[in-house]
Amino acid sequence: DLQITGLIEEGLTIPGVRVVCAATGKAGREMAATHHPAVILLDIGLPDASGLTLLEEFIADDPTRMVLMLTGRSDESSVVEAMRKGALDYISKPFKMAEVRAKVEIARARARRNRDAVDDGSGASLPAGEPGVMAGKSECMMEVFKQIGRLSSSTVPVSNRRSRRPERGT
C-alpha cells in the first residue's frame, strides 16, 4: 500500500537513519541486496510475495539483521509463524507512528549489538537482549536453535518448571 509506505517513510525520518521503501517483494529484495539494511519493516501481505518467505530470506542473508513484521491481519497463526521464523516484533495495522519509531529504535540497537559481536571476531554468541529472544552464532547455540526448530512443530508439551523431587523423609 503506497499510502502506508509514504506514511512510514515520512514518519521514520530520524537523524542518522536512511529510510528506503519498496512496494513489492521484488523491489524489497533488490533494495536489501543494494543497501544492506540493519532493520527491515516488512509487510506480511505484499502484492507479489509472502512477507513470511521474505522474512526468512532477509534473515538468512544477514543473521544480524532485525525484521519487524507489519500487517493488517490479526490472526494468531501469522504472528506465531513470523516470530518462529525470526521476526523481532509484529506490528498490527492500524498503528501509531510513535509505536513504529520506538520499535525501529529497539531493532536498530539490537542489530548494532549483533553486528558488533560478529565484527569483533571473537566467535562469541550474540547478545540476547530482551528476555525471551535468543541470538547466537557459536556451535553450541546453533545446536540449541536446531533443537528449538525441531521441537517447534512437535505436539509434545514442554514446561519450564523444574521437576521437584520429594524431600527425604516425607
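As the structure is a prediction and not an experimental result, all values here were calculated from the model.

S.K.: In this structure, what is going on with the layout of surface pockets? I would like to understand it.
M.R.: Sizing a probe to match a water molecule and rolling it over the atoms shows the empty space that remains. Considered as a void within the structure, the second largest pocket measures approximately 920 Å³ in volume. Counting only elements with at least two residues in the lining of the second largest pocket, the list comes to helix H1 (2-11), helix H2 (25-35), strand E1 (39-43), helix H3 (51-61) and helix H5 (97-119). For the lining of the second largest pocket, a count of residues per class yields 24 nonpolar, eight polar and seven charged.

S.K.: It is not clear to me how the side chain of Asp43 should be interpreted in this structure. Could you clarify?
M.R.: You can see Asp43 is positioned in strand E1. The class of Asp43 is buried, set by a relative accessible area of 16%. There is a polar contact of 3.0 Å between the side chain of Asp43 and the backbone nitrogen of Gly45. Not counting residues up to four positions away in its chain, the partners in contact with Asp43 are Gly51, Met69, Leu70, Thr71 and Lys93.

S.K.: Even after reading the chapter, I still don't get H2, so can you show me in this structure?
M.R.: Every α-helix carries 3.6 residues per turn, so stepping three or four residues along brings you back to the same face. Turning to H2, its buried residues number three or more, namely Gly25, Gly28 and Ala32. For H2, the angular spread of the buried residues around the axis is 55 degrees, confining them to a single face. Away from its buried face by more than 90 degrees, H2 exposes Lys26 and Thr34. Buried residues in H2 make contact with E1 and H3. In the stretch just after H2, His36 is the one whose phi turns positive, near 50 degrees.

S.K.: Could you clarify how one ought to interpret the sheet that holds strand E3 (residues 89-92) in this entry?
M.R.: Across a sheet, paired strands are connected by hydrogen bonds in the backbone, their directions being either parallel or antiparallel. The three strands lie next to each other as E1-E2-E3, forming an open sheet whose pairing is parallel. In this open sheet, the two strands that pair with only one neighbour each are E1 and E3. The mean inter-strand angle of the sheet, taken between neighbouring strand axes irrespective of direction, is 25 degrees. Judged from the five bridges that link them, E1 and strand E2 (residues 66-71) form a sheet pairing that is parallel. Pairing of Asp43 across the sheet is with Leu70, part of E2.

S.K.: What is the right way to look at the pattern of salt bridges in this model?
M.R.: Charged atoms that come close allow side chains of opposite charge to pair. The tally for this structure, following the rule as stated, stands at ten salt bridges. Asp62 is paired through a salt bridge with Arg115; the nearest N and O atoms lie 2.5 Å apart. Of this pair, Asp62 sits in the loop between H3 and E2 while Arg115 sits in helix H5, and the two are 53 residues apart along the sequence. The class of Arg115 is partly exposed, set by a relative accessible area of 23%. Across the pair Glu99 and Lys103 runs a salt bridge, and its minimum N-O distance is 3.5 Å.

S.K.: I keep staring at the environment of Glu10 and nothing clicks. Help me out?
M.R.: Summarising the element assignment, Glu10 is placed in helix H1. Glu10 gets classed as exposed once you look at its relative accessible area, which sits at 65%.

S.K.: Even after reading the chapter, I still don't get the environment of Glu56, so can you show me in this structure?
M.R.: In this structure, Glu56 sits in helix H3. Exposure remark for Glu56: the relative accessible area of 39% places this residue in the partly exposed category. In this structure the C-alpha to C-alpha distance between Glu56 and Gly86, which are 30 residues apart in sequence, comes to 7.4 Å.

S.K.: It is not clear to me how the pairing of E1 should be interpreted in this structure. Could you clarify?
M.R.: Strand residues, when the strand is regular, have side chains that alternate between the two faces of the sheet. The element E1 is largely enclosed, with a buried count of four among its five residues. Following the backbone out of E1, through H3 and into the adjacent parallel E2, one traces a crossover that is right-handed.

S.K.: What should I look at first to understand the confidence of the model for the protein chain in this one?
M.R.: Do not read the fine detail of predicted coordinates wherever pLDDT is low. Mean pLDDT over the protein chain stands at 78; residues scoring 70 or higher make up 68%. Segment residues 123-132: pLDDT under 50, and 25 contacts once partners within four positions in sequence are set aside and those in other chains are kept.

Parameters at a glance
- Residues numbered from 1 in each chain as written.
- Predicted model: local features only at pLDDT ≥ 70, side-chain atom pairs only at ≥ 80, totals over all residues.
- Heavy atoms only, no water.
- 1 Å grid on protein atoms, 1.4 Å probe; cavity = no way out; pocket = protein on both sides within 12 Å on 5 of 7 lines; lining within 4 Å.
- Points joined across faces, edges and corners; volume = space filled by probe spheres on them.
- Helix = DSSP H or I, 4+ residues; strand = E, 2+ residues; numbered from the N terminus.
- Nonpolar A, V, L, I, M, F, W, Y, C, P; charged D, E, K, R; others polar.
- Buried < 20%, exposed > 50% of the residue type's maximum accessible area, 1.4 Å probe, protein only.
- Polar contact = N/O pair within 3.5 Å; in protein donor to acceptor, adjacent residues only side chain to side chain.
- Contact = heavy atoms within 4.5 Å.
- Arc of directions from axis to C-beta.
- Pairing = 2+ DSSP bridges.
- Axes fitted to C-alpha atoms, helices over the stretch in contact; angles between N-to-C directions.
- Salt bridge = Lys/Arg side-chain N within 4 Å of Asp/Glu carboxyl O.
- Right-handed = clockwise from strand over helix to strand, strands pointing away.
- pLDDT = per-residue confidence, 0-100.

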